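Residue-level structural notes
So you can see what is in the structure, the chains are spelled out below.
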Amino acid sequence: MNVFFEEDGSFKIASIMTETQGALQVESVSGKRTKVKASNVLMRFETPLAGFMEAANTEAETLELDFLWECCGETEFGFEEFSADYYGRKPTPVEAAAIAIKLHSAPVYFNRKGKGLYRAAPAEILKAALAGLEKKRLLAEKMAAFVEDLKSHKMPEELMQKRDMLLYEPDKNAFEYKTLDAAASALHLSHLKLMHICGAIPSVHDYHLGAFLREYFAKGTDFTPEQIAEIASDITFDLPLADAEAFSIDDSTTTEIDDAFSIKQLTDGITRIGIHIAAPALGIAVDGALDKEVMQRLSTVYMPGNKITMLPETAIRPFSLDAGQVKPVLSLYLHVNEALEIIQRDSKVELIKVAENLRHDTLEPFFNENTLEADSGHPYWARLLYLFDLAVSLEKSRGKYDPTKPPQVDYNFYVTDDKVSIVGRHRGSPMDKLVAELMIEANNQWGALLASHEVPGLYRAQMGGRVYMTTKAEPHQGLGVAQYAWSTSPLRRAVDLINQRQIISVVQNNQPVYPQNSDALTTHMRNFELTYKAYSEFQTRMERYWCLQYLIQEGFLEENKQEIHATVWRENLVRLDHMPYMTKVYGLPELKPGTRVSLQVQEVDTLMLDLRTKFIKVLEEAAAPVDFDDADIEALDSLDSATLDMNTPDSNNSEATPDDTVEVEAA
């Protein structure tokens, strides 16, 4: 005797070897023996096993589901009973099995009610289900066609319409995502790479920028008419005029000029140095439309070749310290004796005339490491030299002066018509040092002023190598100062604008805008920390993009120009020459940090921001072992924000901390 039974959702046949009340020991056609529950047996038959299932499946294919559905009634039925009605006679075992197979294969038509038991689906439900199946079939056909298009590197228009979703906010349940995923899996590519190959990412630069804008500027980067009009272009201020004229030092591309200096000789050998900071706090109303937008943006966003300003142009121009104009400023005056000792400090809110905007590119030939001994002929040379000597004195007083320190390089990016140039500048050059040290002095002293009057502010602090923000005056070990309150870039950073409001309230003897334990102050601080970090990471991302683009632009992928030079940082991590780009070199032999090596450029991927290189040879052994561990890097994370007040180009003015430098944080 043989049995037709169900196991694991499918039908099987076997011969009975032994049988008990609840189970059977059976043997399949292949000779495999197994135990089957009696309740799983649907039919017993004498027909030979050989060819039985093949015949049943063949017969099942001849059966029409629509006709079967019409033949059965509305009540529950068993497959053997229905077989007799369908064939009009006692069915053969093969025919009965064929009916069971057909019913079981069509759950849309026949609802299963038990083993071997079914019930026809109601007409309306069946109609809807069939429509759904047809829709799925058509969708599957369309997906298959789209997948073939994608595999042929063609982007279907329907998928192109969902490009932003696929790039930035992928919905894994969407048809378009599933189609892209199927094609990418078949080609062993990432979604992004496949979309790029298919032309869905026409500009890699715009893709990276778009990802950032969608998250931080979802409503666009433009200011509203209300915000633009908040500050009148002819705004005036009832303030005293300073008795000296100021000059600024900036890169040629800087448009938000928020710091300048003045020098005046007083009696008894005293020189008065003025540090003058643009004062937008005098014109931006707290909690006004513009202020609310500022506290959302929190900083100007910098990237090579572009920037997104914290303030609209209508709010920048009345306060930017542009040459030939009189502007309101918050001033810190240093009275310096002949020994370059500061004997008095005063803070004032006043107007000052800006005589000149000096620019790095035209100034540096006249004022650099080699022009300190004799007058170079520049009209500001003597004043700049005095400020530099004072800067050295200030650096020594902080305990940070180290003439033996190896020179470090900052890089400025200039982008014109999608062509990038990367220009290195030695950090610590005379003009950089004088700006950085005077900004550190201002941020330190104004932080002390707030603390002495018990007026809260926003401070940068560093303890044990960790840099953090706080509303209390705490030491900044990396800078060697007792407190450090960012105050010198109020046109470009919300923290500085907030601190300027607090400082002005002290100088003018008014109630502070943000009182002790101000929730608003704490909220702005927390928001700023998160946002500023994200902006910095974005700038780093875009700088990496332009570094890679530079390699392509300069032909480093060409067969005769694939060799680049780099310096080993640690293990297999190297820093490329002449650009701020670090990458891992797999297969790099064990070399001392500081060793210079030659690498072969094998692949440049601006989309994934990846560079693949191969070690060629050692160019120069490290002069001495250098070990930069994680603690060193974390400590170094504290000292480079003077780049903002050292006035690197607006397009690169980020204060993002290079991996190998300490944040000078003078901005």
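Described below are features of the structure shown in this document. (Residues numbered from 1 in each chain as written. Predicted model: local features only at pLDDT ≥ 70, side-chain atom pairs only at ≥ 80, totals over all residues. Heavy atoms only, no water.)

1. What about the pairing of strand β15 (residues 342-359)?
Pairing analysis gives seven bridges linking strand β9 (residues 241-250) to β15, with the strands arranged parallel. Bridged to D250 within β15 is R359. Alignment of strand β14 (residues 326-336) against β15, held across eleven bridges, turns out to be antiparallel. Note that in β15 the partner of Y333 across the bridge is D346. (Pairing = 2+ DSSP bridges. Helix = DSSP H or I, 4+ residues; strand = E, 2+ residues; numbered from the N terminus.)

2. A closer look at the nonpolar core
By size, the foremost hydrophobic cluster in this structure holds 85 residues, and its most contacted members are I249, F261 and F367. Of all hydrophobic cores here, the second largest spans 49 residues; its members include L167, L194, W546 and V604. (Core = buried A, V, L, I, M, F, W, Y, C linked by side-chain atoms within 4.5 Å. Buried < 20%, exposed > 50% of the residue type's maximum accessible area, 1.4 Å probe, protein only.)

3. Observations regarding the packing of helix α10 (residues 204-216) against helix α18 (residues 519-553)
Between α10 and α18, whose axes approach to 10 Å, the crossing angle comes to 175°. Considering the angle they form, α10 stands roughly antiparallel to α18. Across the interface between the two elements, V204, H205, H208, L209, F212 and Y216 from α10 touch A534, Y535, F538, R541, M542, Y545 and W546 from α18. Residue classes in the contact of α10 with α18 are distributed as ten nonpolar, two polar and one charged. (Axes fitted to C-alpha atoms, helices over the stretch in contact; angles between N-to-C directions. Parallel < 35°, antiparallel > 145°, perpendicular 65-115°, else oblique. Contact = heavy atoms within 4.5 Å. Nonpolar A, V, L, I, M, F, W, Y, C, P; charged D, E, K, R; others polar.)

4. What about the environment of Y118?
Along the polypeptide, Y118 turns up in strand β8 (residues 117-120). Sequence-wise, Y118 and H104 are 14 residues apart; in three dimensions their C-alpha atoms are separated by 8.6 Å. Here Y118 is in contact with F11, T75, E76, F77, A100, L103, H104, F110, N111, R112 and K113, once residues within four sequence places are set aside. A polar side-chain atom of Y118 sits 3.2 Å from a polar atom in the side chain of H104. (Polar contact = N/O pair within 3.5 Å; in protein donor to acceptor, adjacent residues only side chain to side chain.)

5. Description of the packing of helix α16 (residues 430-452) against helix α17 (residues 494-507)
α17 packs onto α16 with a crossing angle of 60° between their chain directions and a minimal axis gap of 10 Å. Taken together, the axis directions place α16 and α17 in an arrangement best described as oblique. Helix-helix and strand crossings are classified by hand; for α16 and α17 the assignment is left-handed. Of the residues in α17, those touching α16 at W446, L449 and L450 are N499, Q502, I503, V506 and V507. Here the contact of α16 with α17 is composed, by residue class, of six nonpolar, two polar and no charged. (Left-handed = near helix turned anticlockwise from the far one by under 90°.)

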